[in-house]
Amino acid sequence: MLMISPRMASGMQEKQYTPSLLSFFIYNPKFGPREGEEEKKILFYHPIEIEKNEKIRNVGLCEAIVQFTRTFCPTKPAKSLHTQKNRQFFHEPEENFWMVMIVRNPMVEKPNKDGKPPTVEYQEEEIIDSVYGSVLQQCYSMYKLFNGTFSRAFEAGGVELLTQKLEKFFYRYLQTLHLQSCDLLDVFGGISFFPLDKMTYLKIQSFVNRVEESLSLIKYTAFLYNDQLIWSGLEQEDMRILYKYLTTSLFPRHTEPELAGRDSPLRPEVAGNLLHYGRFLTGPANLKDPDAKFRFPRIFVNTEDSYEELHLIVYKAMSAAVCFMVNSAVDLSREFCEQLDSMVGPHLTLLASDICEQYNVNRRISGPEKEPQFKFIYFNHMNLAEKSTIHMRKTASVSLTSVHPDLMKILGDINCDFARVDEDEEIIVKAMTDYWVVGKKSDQRELYVILNQKNANLIEVNEEVKRLCATQFNNIFFLD
Amino acid sequence: MGDEYYLELSENPVQFENASSVNNVFFDEANKQVFAVRSGGATGVVVKGPDDKSSVAFRMDDKGEVKCIKFSLGNKILAVQRTTKSVDFINFIPDYPHLEFSHECKTKNASILGFCWTNWNEIVFVTDQGIEFYQVLPDKRTLKLLKSQSINVNWYMYCPETAVLLLSTTVQGNVLQPFAFKSATMSKMSKFEIELPAVPKPAKLSLSERDIAVATIYDQLYVMYLKHHSRTTNSPGAEVVLYHLPREGTCKKTHMLKLNTTGKFALNVVDNLVVVHHQSSQTSLIYDIKLRESDGNVNVHQPVLPARSINPFKIPLTGPAAAPSQAPVPCELYSSSWSVFQPDIIISASEGYLWYLQVKLQPTLNLLQDKGKLMDFLLRRRDCKMVILSVCSQMLIGGDKGNLSVVATVFDKLNQVYKEYLDAEQAYTAAMESGPSRSSTSYKRPVRTQAVIDQSDMYTHVLSDFTEKKDVKHKFIIAVLMEYIRSLNQFQIPVQHYLYELVIKTLVQHNLFYMLHQFLQYHVLSDSKPLACLLLSLESTYAPAHQLSLDMLKRLSTANDEIVEVLLSKQQVLAALRFIRSVGGHDNVSARKFLDAARQTNNTMLFYTIFRFFEQRNMRLRGNPGFNQGEHCEEHVVFFKETFGENALMKQATA
């Protein structure tokens with residue numbers, strides 16, 4: 001499969017538009033079943049300025065499409081609708097609650113001579129369904145993490161409460177969607193795990209267990225280092241979205257000021273004669289402040305069964321961050337926070353420097369040859385472990401990739417191919433210039449490698465990937 | 001309260017005829033024998049030893065009052081001192097004449113203070129002017145002088161365990177001169193001075209033998225000095241000062257035991273613990289000299305446990321006076337008629353009993369709250385295993401449940417001892433393998449003491465019960481198991497499979513699969529074939545266990561056959577073949593196994609591929625695509641022909 005991007009072939013003077021959010025709405029057809037009451041179905045609509053009738057028309061259209069496609073397959077109605085100018089994504093996260101996201105296709109504006117209006121060319125094939133479908137699902141998961149389910153809110157306070165919550169959440173959340181930089185990683189929604197030796201890991205276990213024992217209010221704990229997960233007391237699905245929140249929103253918000261030199265974390269607190277670098281990332285910024293507020297974000301977990309509402313306390317010392325989750329029915333006092341700070345701060349500081357030391361030792365042992373010379377993305381569906389040498393460090397604003405978007409598009413396409421079958425398979429694609437893209441699927445694992453070798457042939461590429469597997473993935477069962 | 005007595009008298013005391021005007025009682029510390037001498041021996045001498053074998057009864061002529069009477073080692077020769085000038089001997093060796101012979105001390109004008117046997121035929125006379133070391137020649141009925149030393153002696157003390165004789169010299173008596181004896185040789189050790197609380201003027205004998213005891217504690221010889229409270233010093237109570245007496249080198253004051261009270265005391269050493277009996281309060285204290293890390297020259301020790309009386313002892317009434325229905329009479333403890341001997345003997349001469357003092361460990365559980373200290377204490381005791389295990393159970397299940405950091409401390413202490421034993425064992429094995437000739441004497445097989453609590457002990461007596469408890473939170477159970485595994489890892493002790501099994505069982509019971517997954521991901525549960533198989537069995541309840549298991553088998557690198565089996569059982573025939581080819585085992589695998597699996601998939605194209613692969617293998621190995629008889633592939637050949645036609649079979653290369 002030889003791929004040449006139309007974008008690369010086009011001229012200099014053109015203007016390129018990336019995919020962008022046209023509209024986003026949530027509705028429930030049961031809320032306004034009668035004619036004339038259609039507006040009641042709409043629970044949230046972005047952009048808000050749209051005229052009422054147009055909203056109703058758009059919602060009606062979606063409803064009709066879903067209804068229509070359902071006749072072909074009652075269990076799997078349409079997930080997306082492709083049009084020339086845009087693409088619509090449908091998602092029914094809870095029964096009868098529909099979320100719709102409409103994305104404008106990327107386009108190229110070609111100027112015309114003689115003062116004629118420029119020609120607009122929509123690139124309707126550039127958007128990958130699975131990527132944006134996942135983005136839409138993530139919107140729901142993130143909403144649910146902080147607000148609980150739609151139906152609970154509806155049961156508690158009717159449509160009024162639900163729409164209030166939706167507006168409050170999505171108004172801000174939608175601004176943080178960066179649709180132009182969504183890619184394969186959004187499909188995976190993976191978790192990056194911090195590599196660690198057994199002994200240090202056991203020390204962390206011991207730490208978590210002891211804190212949970214002495215501060216018995218704590219129900220769950222998650223431990224991260226360098227924005228990578230080490231331990232999660234939460235179940236996998238809850239951790240997945242919490243991890244997303246922490247690494248794309250909370251941590252970047254706090255590291256950016258740190259990098260800028262303000263609010264430096266290297267200002268040790270003295271607690272019980274022990275220097276420590278611990279501080280709260282949620283809740284009180286400064287414990288000593290007499291006006292400090294002891295309010296923490298609330299999150300909802302295990303919504304399928306026990307439906308728990310928890311305070312989310314995120315506490316950080318150097319590169320180690322710990323999330324402590326406490327039943328929200330309990331009011332967290334200054335005393336509790338002080339106790340936590342004085343108990344966890346010194347211990348976590350020590351642990352963080354232990355981990356750092358161990359990490360450096362391991363890096364020295366493994367040597368530079370283990371450093372990735374390859375650009376690859378690895379994902380394991382079983383534990384959501386994800387590893388990418390393509391993506392730069394995530395920031396609050398965008399996730400940067402080090403490869404051309406066209407190559408990312410190929411990765412997405414290969415992923416779609418993999419999703420269609422259960423069998424293990426391997427796909428090798430020769431992309432433009434000297435790039436080769438290799439996708440491998442073995443059991444529940446997927447590996448995507450981008451190689452740039454001059455005049456390489458298929459056999460050489462295959463050998464190269466084998467070598468990568470032997471060095472990077474020698475401790476897992478990965479068929480070649 | 002009955003559970004609080006941590007000291008007790010041995011259940012079956014040695015009984016002897018009580019001391020009276022006609023019956024003199026002597027005790028020999030070397031053989032631990034009690035001599036009851038009636039009427040100077042004329043009406044009989046009864047010797048009772050610690051066991052029946054060492055009991056002897058005989059008569060001897062009454063030649064005057066007996067001052068001292070002792071058998072040589074093995075009851076070979078009896079020595080009796082009746083005067084201050086000589087010692088009499090009687091042969092007890094069969095076939096030797098049972099006649100008395102006498103020996104006078106060689107130093108003129110010296111009077112004999114006593115004597116001690118250092119061997120079956122070697123004896124030391126201690127006189128007020130020195131010592132005389134003799135060999136007894138029983139056949140010739142004479143003594144041969146081996147060595148003598150003249151020195152002014154106030155009193156003496158002999159430690160039979162180490163064959164060290166301690167002499168009190170100088171006017172005040174506080175300079176002690178030790179001698180060591182060993183098969184016909186006598187060596188003078190360096191003398192040392194006991195610091196007296198006050199120096200009397202004019203100088204007079206100030207150190208009494210009553211205040212000195214010699215005993216071995218933790219394989220080291222100590223001289224214990226009971227330093228009475230004195231008004232001149234500021235110390236609030238009496239003290240026991242321990243002087244360490246090494247084989248070579250100088251004697252040093254090393255430990256000080258604070259008694260915090262005054263009065264009459266007596267000392268015993270039991271299980272390496274110094275026991276101090278206090279008569280007026282009728283209680284005893286115990287001290288463990290290892291329980292405090294040394295800081296400075298002298299370690300100051302407080303009692304390990306609060307003062308308690310010895311467990312009350314009841315004397316069963318026997319003899320003609322006793323009616324069967326009569327209740328046993330309580331024995332008077334701390335009686336003034338008690339004599340205390342080293343290391344652990346208490347004798348009541350007036351009642352005719354000899355007891356061994358014993359330490360009961362079980363009561364210490366409730367008396368010592370600090371579990372870490374308790375563990376340090378218990379790990380050094382002789383019969384500690386079951387008590388330690390019950391401490392562990394108690395801290396996990398019992399009412400005074402310890403918190404995790406206490407649990408961690410206890411585990412670390414246990415594993416430290418465990419690891420030291422494993423290391424010693426390993427060093428011994430290595431030394432034996434490298435050739436016993438070179439290191440014939442330097443390596444002794446390490447003794448496994450009761451303090452070595454291994455994983456199987458913990459599993460059997462503590463952890464397996466604990467994990468079954470319904471009223472303990474599973475969070476705590478898992479935390480404890482992880483803490484134990486952490487501790488083992490910290491001491492680099494390989495963790496046994498059954499512990500992992502326990503972790504997995506507990507996690508599975510509470511549906512904590514994600515937790516299990518994370519533990520495996522970080523290799524907390526070390527790879528092994530049994531563990532991989534256990535994981536495979538979990539696949540039906542937790543699908544990812546399949547992947548975890550395969551990964552583990554892969555890492556083991558000795559489990560390629562198992563991997564093939566797993567893949568074939570999942571009908572992943574091609575994957576199995578590719579795997580075995582990647583590890584270079586495809587020339588040896590059974591073709592039939594793969595063909596069977598391929599047939600079961602009902603995928604004829606797959607079957608074709610597998611069949612063709614093996615035809616090619618046959619070709620390569622034997623130059624012929626056909627299968628050998630031994631491979632039992634006939635039915636597959638038939639099926640192949642039926643499905644794809646005879647012509648599809650690979651032809652033998654003609655070229």
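Fair warning: this is a prediction, and the values are worked out from it, not measured in the lab.

**A short note on the overall build of chain A**
Next, step 1: Scanning chain A from terminus to terminus reveals 10 helices and 21 strands.
Next, step 2: Counting only residues that meet the buried cut, chain A has 49% of its 480 residues in that class.
Next, step 3: A separation of at least 24 residues holds for 60% of the contacts in chain A among residues at least 6 apart in sequence.
Next, step 4: When the accessible surface of chain A is split by element, carbon and sulfur atoms take 51% of a total near 23400 Å².

**Brief notes about the overall build of chain B**
Next, step 1: Along the backbone of chain B there are 15 helices and 32 strands.
Next, step 2: What you see for chain B is a C-alpha radius of gyration of 38 Å, clearly larger than the 26 Å of a compact globule of 655 residues, by over 25%.
Next, step 3: Along the first, second and third principal axes, the C-alpha atoms of chain B reach 125 × 60 × 60 Å.
Next, step 4: Within chain B, buried positions represent 52% of all 655 residues.

**A short note on the sheet that holds strand β5 (residues 45-48) of chain B**
Residue and element names in this part refer to chain B.
Next, step 1: The strand order across the open sheet formed by four strands is β3-β4-β5-β6, and the pairing between neighbours is antiparallel. Bordering the open sheet on either side are β3 (23-28) and β6 (56-58), each of which pairs with just one other strand. Averaged over neighbouring strand pairs, the angle between their axes works out to 15 degrees when direction is ignored.
Next, step 2: Pairing analysis gives four bridges linking strand β4 (residues 33-38) to β5, with the strands arranged antiparallel. When the sheet's bridge partners are listed, V34 is paired in β5 with K48.

**Considering the domain arrangement of chain A**
Next, step 1: For chain A, the assigned domains read domain 1 (8-182), domain 2 (198-366) and domain 3 (374-472).
Next, step 2: Averaged C-alpha coordinates put domain 1 of chain A and domain 3 of chain A at centres separated by 29 Å.

**Overview of the packing of helix α7 (residues 497-509) of chain B against helix α9 (residues 529-538) of chain B**
All names here are of chain B.
Next, step 1: Where α7 contacts α9, the axes come no closer than 10 Å and their chain directions differ by 15 degrees. Judged by the angle between their axes, α7 and α9 are roughly parallel. Crossing handedness for the pair α7 and α9: right-handed. Facing H497, Y500, E501, I504 and V508 of α7, the residues of α9 in contact are P530, L531, L534 and L538.
Next, step 2: Broken down by class, the residue content of the contact of α7 with α9 amounts to seven nonpolar, one polar and one charged.

**Observations concerning the interface of chain A and chain B**
Next, step 1: Counting residues at the interface gives 36 residues for chain A and 39 residues for chain B.
Next, step 2: Together chain A and chain B conceal approximately 3300 Å² of surface at their shared face, both sides included; 55% is due to carbon and sulfur atoms.
Next, step 3: It is K198, M382 and F477 of chain A in chain A that bury the most area against chain B; as a group they hold 20% of the surface buried on that side.
Next, step 4: On the surface where chain A and chain B come into contact, there are three salt bridges.
Next, step 5: The shortest N-O distance in the salt bridge between E212 of chain A and K475 of chain B comes to 2.9 Å.

**Some points on empty space enclosed by the protein**
Next, step 1: All told, the structure shown has one cavity of 30 Å³ or more when counted by the stated rule.
Next, step 2: Counted as a void, the largest cavity has a volume near 90 Å³.
Next, step 3: Lining the largest cavity are 13 residues; nearest its centre among them are D443 and F477 of chain A together with L550, L567 and Q572 of chain B.
Next, step 4: Tallied by class, residues from the lining of the largest cavity come to five nonpolar, four polar and four charged.

**Comments concerning unusual backbone geometry**
Next, step 1: Along the chain, H46 of chain A connects to P47 of chain A via a cis peptide bond; the corresponding omega equals 0 degrees.
Next, step 2: Inspection of the secondary structure puts P47 of chain A in the loop between β3 (42-46) and α2 (52-70).
Next, step 3: With omega at -5 degrees, the peptide bond leading from Q342 of chain B into P343 of chain B counts as cis.
Next, step 4: With respect to the secondary-structure elements, P343 of chain B resides in the loop between β30 (338-341) and β31 (345-348).
Next, step 5: For Q571 of chain B, which is not glycine, the phi dihedral falls at a positive 60 degrees.

**Examining the pattern of salt bridges**
Next, step 1: The tally for this structure, following the rule as stated, stands at 50 salt bridges over all chains.
Next, step 2: One salt bridge in this structure joins D288 of chain B and R380 of chain B, with 3.3 Å as the shortest N-O distance. Of this pair, D288 of chain B sits in the loop between β26 (283-287) and β27 (299-301) while R380 of chain B is found in the loop between α2 (371-379) and α3 (385-397), placing the two residues 92 residues apart along the sequence.
Next, step 3: Overlapping salt bridges, with partners in common, bring together R210 of chain A together with D412, E483 and R486 of chain B in one network.

**Here we look at α2 of chain B**
All names here are of chain B.
Next, step 1: For α2, the buried fraction is high: seven of the nine residues fall into the buried class.
Next, step 2: Those residues of α2 that sit buried are K371, G372, L374, M375, F377, L378 and L379.
Next, step 3: Tucked inside the fold, the buried residues of α2 contact β25 (273-278), β26, α1 (364-367), α3 and α4 (404-433).
Next, step 4: For α2, the side-chain oxygen to backbone nitrogen distance between the N-cap and G372 is 3.0 Å, and the N-cap itself is D370.

**Structural notes on the nonpolar core**
Next, step 1: If you look at the biggest cluster of nonpolar residues, it comprises 239 residues, and the most contacted ones within it are F170 and F223 of chain A together with L463, F519 and F594 of chain B.
Next, step 2: Not counting chain neighbours up to four residues away, the residues in contact with F594 of chain B comprise V564, L568, V573, A576, L577, I580, V589, I610 and F614 of chain B.
Next, step 3: Counting 22 residues, the second-largest nonpolar core is a separate cluster that includes C159, I194, L221 and L245 of chain B.

**Quick look at the sheet that holds strand β1 (residues 15-17) of chain A**
All names here are of chain A.
Next, step 1: Spatially, β1-β7-β8 is the arrangement adopted by the three strands of the open sheet, whose pairing is antiparallel. Only two strands of the sheet have a single partner each, and these edge strands are β1 and β8 (119-122). The mean angle between the axes of side-by-side strands here comes to 20 degrees, regardless of whether they run parallel or antiparallel.

**Some points on the packing of helix α5 (residues 455-468) of chain B against α7 of chain B**
Residue and element names in this part refer to chain B.
Next, step 1: Closest axis-to-axis distance for the α5/α7 pair is 11 Å, and the angle between their directions is 10 degrees. Accordingly, the angle class assigned to the pair α5 and α7 is roughly parallel. Contacts between α5 and α7 pair Q455, S456, Y459, L463, S464, T467 and E468 from the former with Y498, L499, L502, K505 and T506 from the latter.
Next, step 2: The class makeup of the residues in the contact of α5 with α7 is five nonpolar, five polar and two charged.

**Digging into the confidence of the model for chain A**
Next, step 1: In this model, chain A carries a mean pLDDT of 84, and residues with pLDDT of at least 70 account for 90%.
Next, step 2: When the criterion is pLDDT under 50, residues 1-11 of chain A qualifies, and its contacts beyond four places in sequence or with other chains add up to 16 contacts.

**As for α7 of chain B**
Next, step 1: For α7 of chain B, with 13 residues, the first-to-last C-alpha span of 18 Å sits near the 18 Å given by 1.5 Å per residue.
Next, step 2: For α7 of chain B, the complete set of buried residues consists of L499, Y500, L502, V503, I504, T506 and L507 of chain B.
Next, step 3: Taken together, the buried residues of α7 of chain B touch α6 (198-214) of chain A together with α5, α6 (474-490), α8 (513-521) and α9 of chain B.
Next, step 4: Phi turns positive one or two residues past the end of α7 of chain B, at N511 of chain B, with a value near 60 degrees.

**As for the state of the cysteines**
Next, step 1: Taken as a whole, this structure holds zero disulfides over all chains when the rule is applied.
Next, step 2: Sulfur of C159 of chain B: no disulfide; nearest cysteine sulfur belongs to C116 of chain B and is 11 Å away.

**Considering the environment of R240 of chain A**
Residue and element names in this part refer to chain A.
Next, step 1: For R240, the position within the fold is in helix α7 (residues 236-259).
Next, step 2: With near-sequence residues (within four places) excluded, R240 lies in contact with F188, G189, I191, F379 and L384.
Next, step 3: From its side chain, R240 meets the backbone oxygen of G189 in a polar contact 2.9 Å long.

**Observations regarding the side chain of H276 of chain A**
Residue and element names in this part refer to chain A.
Next, step 1: If you trace the backbone, H276 turns up in strand β12 (residues 274-276).
Next, step 2: Judged by its relative accessible area of 0%, H276 falls in the buried class.
Next, step 3: At 2.8 Å, the side chain of H276 forms a polar contact with the backbone nitrogen of G278.

**Things to note about the pairing of β26 of chain B**
Residues and elements named next belong to chain B.
Next, step 1: Buried residues dominate β26, accounting for five of its five residues.
Next, step 2: Side chains T283, L285 and Y287 of β26 all project onto a buried face; the interleaved residues S284 and I286 project onto the opposite face, where all are buried too.
Next, step 3: The pairing of β25 with β26 spans five bridges and is antiparallel. Within the sheet, the bridge partner assigned to H278 lies in β26 and is T283.

**Structural notes on the environment of S280 of chain B**
All names here are of chain B.
Next, step 1: Here S280 shows up in the loop between β25 and β26.
Next, step 2: You can call S280 exposed: its relative accessible area is 59%.
Next, step 3: Residues S280 and Y334, 54 residues apart in the sequence, show an inter-C-alpha distance of 8.3 Å.

Reading the values: the criteria
Residues numbered from 1 in each chain as written. Chains lettered and ligands numbered in written order. Predicted model: local features only at pLDDT ≥ 70, side-chain atom pairs only at ≥ 80, totals over all residues. Heavy atoms only, no water. Helix = DSSP H or I, 4+ residues; strand = E, 2+ residues; numbered from the N terminus. Buried < 20%, exposed > 50% of the residue type's maximum accessible area, 1.4 Å probe, protein only. Contact = heavy atoms within 4.5 Å. Areas by Shrake-Rupley, 256 points an atom, 1.4 Å probe, with all protein chains shown as cover. Rg over C-alpha atoms; globule rule 2.2 N^0.38 Å. Pairing = 2+ DSSP bridges. Axes fitted to C-alpha atoms, helices over the stretch in contact; angles between N-to-C directions. Domains from an automatic or database assignment. Parallel < 35°, antiparallel > 145°, perpendicular 65-115°, else oblique. Left-handed = near helix turned anticlockwise from the far one by under 90°. Nonpolar A, V, L, I, M, F, W, Y, C, P; charged D, E, K, R; others polar. Buried area = accessible area lost by both parts, 1.4 Å probe. Salt bridge = Lys/Arg side-chain N within 4 Å of Asp/Glu carboxyl O. 1 Å grid on protein atoms, 1.4 Å probe; cavity = no way out; pocket = protein on both sides within 12 Å on 5 of 7 lines; lining within 4 Å. Points joined across faces, edges and corners; volume = space filled by probe spheres on them. Polar contact = N/O pair within 3.5 Å; in protein donor to acceptor, adjacent residues only side chain to side chain. Core = buried A, V, L, I, M, F, W, Y, C linked by side-chain atoms within 4.5 Å. pLDDT = per-residue confidence, 0-100. Expected span 1.5 Å × (residues − 1). Disulfide = S-S within 2.5 Å.

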